[in-house]
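The residues making up each chain are set out below.
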Amino acid sequence: MVSKKITIKIPTGLEARPVALLVQVASQYESSIYIECEDKKVNAKSIMGMMSLGLAAGEEVEVTATGSDEEKAVAEIEKYLASEE
């Protein structure tokens, strides 16, 4: 299991389009990937789950991945969330 705290730098936060792109990134990996913020923990491959978090720019989340490609999955999600697209 790999876990990492990441600050969201996408200016609009995680609204519809960025969430869809994040789910696409997460879905490329076999690992189970979860994003946690405060007391909520959702599957990063679920659009509805991710939308329910309502994350804004500057918020910190914890990304956790478990599986054969866990390290690469967390690295790519970090790269996406930390981008100022």
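The coordinates are above.
These numbers were taken from a predicted model, which means no experiment stands behind them.

To continue, consider the overall build of the protein chain. In terms of helices and strands, the protein chain carries three helices and four strands. Computed over its C-alpha atoms, the radius of gyration of the protein chain comes to 11 Å, within 12% of the 12 Å expected for a compact globule of 85 residues. In terms of principal-axis extent, the alpha carbons of the protein chain reach across some 30 × 25 × 20 Å. Counting contacts in the protein chain only where the partners sit at least 6 residues apart, residues at least 24 apart contribute 70% of the total. Within the structure as shown, the protein chain displays about 4700 Å² of accessible surface, and the carbon and sulfur contribution to it stands at 49%.

Following the criterion strictly, the structure yields two salt bridges and no others. One salt bridge connects K4 with E78, and the closest N-O pair in it is separated by 3.0 Å. Of this pair, K4 sits in strand β1 (residues 2-7) while E78 sits in helix α3 (residues 70-81), placing them 74 residues apart in sequence. One salt bridge connects K5 with E62, and the closest N-O pair in it is separated by 3.4 Å. With K5 in strand β1 and E62 in strand β4 (residues 60-66), the pair connects residues that are 57 residues apart, well separated along the chain. Overall, E62 belongs to the partly exposed group, its relative accessible area being 25%.

What counts, and at which threshold
Residues numbered from 1 in each chain as written. Predicted model: local features only at pLDDT ≥ 70, side-chain atom pairs only at ≥ 80, totals over all residues. Heavy atoms only, no water. Helix = DSSP H or I, 4+ residues; strand = E, 2+ residues; numbered from the N terminus. Rg over C-alpha atoms; globule rule 2.2 N^0.38 Å. Contact = heavy atoms within 4.5 Å. Areas by Shrake-Rupley, 256 points an atom, 1.4 Å probe, with all protein chains shown as cover. Salt bridge = Lys/Arg side-chain N within 4 Å of Asp/Glu carboxyl O. Buried < 20%, exposed > 50% of the residue type's maximum accessible area, 1.4 Å probe, protein only.

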